[in-house]
Amino acid sequence: MNIIAIMGPHGVFYKDEPIKELHQALEKQGFQLIYPTNSTDLLKLIEHNSRICGVIFDWDEYSLDLCSEINLLNEYLPLYAFISTHSSLDVSVNEMRMALWFFEYALSAADDIAVRIKQYTNEYLDNITPPFTKALFTYVNEGKYTFCTPGHMAGTAYQKSPVGCLFYDFFGGNSLKADVSISVTELGSLLDHTGPHLEAEEYIARTFGAEQSYMVTNGTSTSNKIVGIYAAPSGSTVLIDRNCHKSLTHLLMMTDLVPIWLKPTRNALGILGGIPKHEFMRQNIEEKVAATKDAQWPVHAVITNSTYDGLLYNTEFIKHTLDVPSIHFDSAWVPYTNFHPIYQGKSGMSGERVPGKVIYETQSTHKLLAALSQASLIHIKGDYDEQTFNEAYMMHTTTSPSYPIVASIETAAAMLRGNPGKRLINRSVERALHFRREVQRLREESEDWFFDIWQPEHIDEAACWPISPGEEDWHGFKDADADHMYLDPIKVTILTPGMSESGEMAGEGIPAALVAKFLDERGVVVEKTGPYNLLFLFSIGIDKTKALSLLRGLTEFKRSYDLNLRVKNMLPDLYAEDPDFYRNMRIQDLAQGIHRLIKQHNLSDLMLRAFDVLPEMKLTPHQAYQQQVKGNVETVEIEQLLNRVSANMILPYPPGVPVVMPGEMITNESRAVLDFLLMLCSVGEHYPGFETDIHGAKLGEDGIYRVRVLKNV
Ligand SMILES: *Cc1c(COP(=O)(O)O)cnc(C)c1O
């Protein structure tokens, strides 16, 4: 961080000479100097180079307009205005708030000015570094020697072993030096919320619009359990999104709760539509309470916001309608909603407190922001008991937290602050929009087929597009609620040919798994693959080249597909899984083979039915797990699951949401759930390399999936 941009020269001696001297003096201070040709060039430079740490310019020539434009990019960046005795200096209060310093053009003043610029640069770097990270950097730079854990001792131990040296060289000195023990008192404590850790929490809460925030170093899986353990006492009833993350099932297994499911819709494409409005209404909940053994009025609710396919709720409606004392929005996938106006009113922390209710929002900082794996946050708005909450927090937190993860959570927050943060998120949104338009254009230009995108016809402006009822049918949801759900533009779902929005199967089709494999073999990893759709996330790390390589991957697929290449040439990794089977097969035969199989099973209808009637809850997940711990469990083939109580959660990928919970039984009424699972198994049986990953079921050497069920129940 040592680049300073200088606007000049000006062709007049009394200005150019002092700048020349300053150039040399700044170089002595360790700065690198660059000369943009005009203000447009300068602005572009700042936009593309986050390492620029100051701008020197002529006040007579550029003055305030340039300052304001730089401010829009980065309001913290120090600006150095050079004036002469003739310069007019009518600076308003507004400008005085900028990081703006004035110097006079004068010879032989360069060394002093350079020293001051160095000092202002240090203040700038200090200003943008958040508190915990700063304390950690300082600690590491001081190079103190400790006699505590971790045993690698700032990396020293590694260098005493050949293989250790390999490890050390790979990860680098600082990342090991920053891995310090909790006994370092000047860094405070994550578990006690003291010192720089406390400052970090406060800084993060201010950044994310929360009243309180907690940093969690082992994922939102843990954040979700912390919130649940605190919010729902043993024996109570909770409302839980049926399309929840498995960490919530684990919460239900750990603690004795009665779940009542909030049932989301799903369209024929298999896209999750979220929970309809009526599910949040009092009457609907009363009916479910009455129909569920041991259930009472729920004390807590958990809603996945956004859904896996990128649908966000009108959270204001839920907060005001849902009549429970605490509401938890699991927002693992959307830690950026506080930083772009299109997300207003669609996140847990947006809006004011709701009297009498506590709102929680959990986010995987690592999923779409720049943070190390496992970085997660819990945000809270409303009154809660801090001490009791902290017991739940500590119950799930290691006593040896990773400080690099803590620093990465805090830095992720710092990156989102101010105009640089807004720009960062805006760029993701713009990039996703651009990509969407490109695919649309290629589709329009294509003579026969091309991929489609799941989106409204007109996407001119950045917005979260409503899933509206009525005429518009791009989304394929029957009976959508008005003003309830919105598609996040950065979650891009690409549709492959084969199935219409209403679920009608075309004569021919290209199952999405083929495209996913093709892209994967070219280094583009798909987030989620449905039967005829693929999900891509345009997070802040997606740059133009990555977006382009995805686009190229899609066009290459089309070309190779149209040429009907051999599987061997087009998908060599797949071919390698079973060379005999794929020996002479061509890509179109493979696509049509799988497509026919899906058609035979009437997939779209099957999926709708599979998620329409839930299996019967015989035991709560907690009770079921206790049975399992006691050994009352046996393994059966998946086909024999009917009328047996499942010991585990069964969760096929895709769609990545549980279809059977521990303690549930598939009966004749919910038979479609089993048919759906069997169909997934069948595709894998017929086509090597297309086995579905079913969590909770084990695929044996003999090609049979087996599941665990409870004995004597
Ligand atoms: C990924 C995910 C989690 C778990 O987050 P980790 O940070 O991976 O532990 C929780 N909820 C949802 C909805 C998720 O997608």
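Residues numbered from 1 in each chain as written. Predicted model: local features only at pLDDT ≥ 70, side-chain atom pairs only at ≥ 80, totals over all residues. Heavy atoms only, no water.

Quick look at helix 10 (residues 219-231)
Given a rise of 1.5 Å per residue, 13 residues ought to cover 18 Å, and the 19 Å separating the end C-alpha atoms of helix 10 matches this to within 8%. Along helix 10, the positions that sit buried rather than exposed are Gly 219, Thr 220, Thr 222, Ser 223, Asn 224, Lys 225, Ile 226, Val 227, Gly 228 and Ala 231. (Helix = DSSP H or I, 4+ residues; strand = E, 2+ residues; numbered from the N terminus. Expected span 1.5 Å × (residues − 1). Buried < 20%, exposed > 50% of the residue type's maximum accessible area, 1.4 Å probe, protein only.)

Looking at the site of the ligand
Of all residues adjacent to the ligand, which total 13 residues, the nearest are Ser 221, Asp 330, Trp 333, His 366 and Lys 367. Take Ser 221: an N or O atom from its side chain is 2.6 Å from an oxygen atom of the ligand. With respect to the ligand, the side chain of Asp 330 contributes an N or O atom lying 2.6 Å from a nitrogen atom. In the complex, the protein chains occlude 88% of the 380 Å² of accessible area that the ligand would expose alone. It is helix 10 that provides the largest number of residues to the shell around the ligand, a total of 4 residues. (Near = heavy atom within 4 Å. Polar contact = N/O pair within 3.5 Å; in protein donor to acceptor, adjacent residues only side chain to side chain. Areas by Shrake-Rupley, 256 points an atom, 1.4 Å probe, with all protein chains shown as cover.)

Here we look at a nonpolar patch on the surface
A grouping of Phe 167, Phe 170 and Phe 171 is seen on the molecular surface, where their side chains present a nonpolar patch of about 350 Å² in accessible area. Here Phe 167 lies in helix 7 (residues 162-171). (Patch = residues over 30% accessible without salt bridge, like charges linked within 9 Å, V, L, I, M, F, W, Y side chains within 5 Å. Salt bridge = Lys/Arg side-chain N within 4 Å of Asp/Glu carboxyl O.)

Section: the sheet that holds strand 16 (residues 452-453)
The strand order across the open sheet formed by 4 strands is 16-19-21-20, and the pairing between neighbours is antiparallel. With partners counted over all chains shown, the strands left at the sheet margins are strand 16 and strand 20 (528-529), one partner each. In this structure, strand 20 lies alongside strand 21 (residues 533-537), joined through 2 bridges in antiparallel fashion. Its bridge partner lying in strand 21, Thr 529 is registered against Leu 534. Packed onto the sheet, helix 17 (residues 418-445) meets strand 16 and strand 19 (491-495) and runs at close to 15° relative to strand 19. Running at roughly 40° to strand 21, helix 18 (residues 512-520) makes contact with strand 20 and strand 21 of the sheet. (Pairing = 2+ DSSP bridges. Contact = heavy atoms within 4.5 Å. Axes fitted to C-alpha atoms, helices over the stretch in contact; angles between N-to-C directions.)

Structural notes on the packing of helix 24 (residues 603-610) against helix 26 (residues 671-686)
Running from amino to carboxyl end, helix 24 crosses helix 26 at an angle of 135°, the nearest separation of the two axes being 8 Å. Compared by their axis directions, helix 24 and helix 26 come out oblique. Seen from above, helix 24 lies across helix 26 with left-handed handedness. Across the interface between the two elements, Leu 603, Leu 606, Met 607, Arg 609 and Ala 610 from helix 24 touch Ala 672, Val 673, Asp 675, Phe 676 and Met 679 from helix 26. For the contact of helix 24 with helix 26, the class distribution of residues is 8 nonpolar, no polar and 2 charged. (Parallel < 35°, antiparallel > 145°, perpendicular 65-115°, else oblique. Left-handed = near helix turned anticlockwise from the far one by under 90°. Nonpolar A, V, L, I, M, F, W, Y, C, P; charged D, E, K, R; others polar.)

Quick look at the sheet that holds strand 8 (residues 258-262)
Taken together, the 7 strands give an open sheet; going across it, the order is 6-15-14-13-11-7-8, and neighbouring strands pair in mixed fashion. Because the sheet does not close on itself, it has two edges, and the strands there are strand 6 (212-216) and strand 8. If you compare each strand with its neighbour and ignore which way they point, the axes differ by 20° on average. Examined bridge by bridge, strand 14 (residues 358-363) and strand 15 (residues 376-381) share 5 bridges and lie antiparallel to one another. From the neighbouring strand, Gln 363 faces strand 15, where its bridge partner is Leu 377.

Looking at helix 11 (residues 246-254)
Note: α-helices contain 3.6 residues per turn, so residues at a spacing of three or four share the same orientation. Listed as buried for helix 11 are Ser 247, Leu 248, Thr 249, Leu 251, Leu 252 and Met 253. Contacts from the buried residues of helix 11 go to helix 10, strand 7 (237-241), strand 8, strand 11 (300-304), strand 13 (326-330) and helix 25 (621-629).

Notes on the packing of helix 17 against helix 19 (residues 544-562)
Relative to each other, helix 17 and helix 19 sit at 20°, their axes nearing to 11 Å. Considering the angle they form, helix 17 stands roughly parallel to helix 19. Crossing of helix 17 over helix 19 shows right-handed handedness. In this structure, helix 17 uses Arg 431, Phe 435, Glu 438, Val 439 and Leu 442 to contact helix 19, whose residues at the interface are Lys 544, Ala 547, Leu 550, Leu 551, Leu 554 and Thr 555.

Considering unusual backbone geometry
Here the amide bond leading from Asn 305 into Ser 306 is cis, since omega sits at 5°, within 30 degrees of zero. By the secondary structure assignment, Ser 306 is in the loop between strand 11 and strand 12 (311-313). In this model, Asp 479 sits at a positive phi of 55°, which is unusual for a non-glycine residue. If you trace the backbone, Asp 479 turns up in the loop between strand 17 (465-466) and strand 18 (485-487). For Asp 479, a relative accessible area of 73% corresponds to the exposed category.

Remember that the coordinates give geometry; whether it matters functionally is a separate question.
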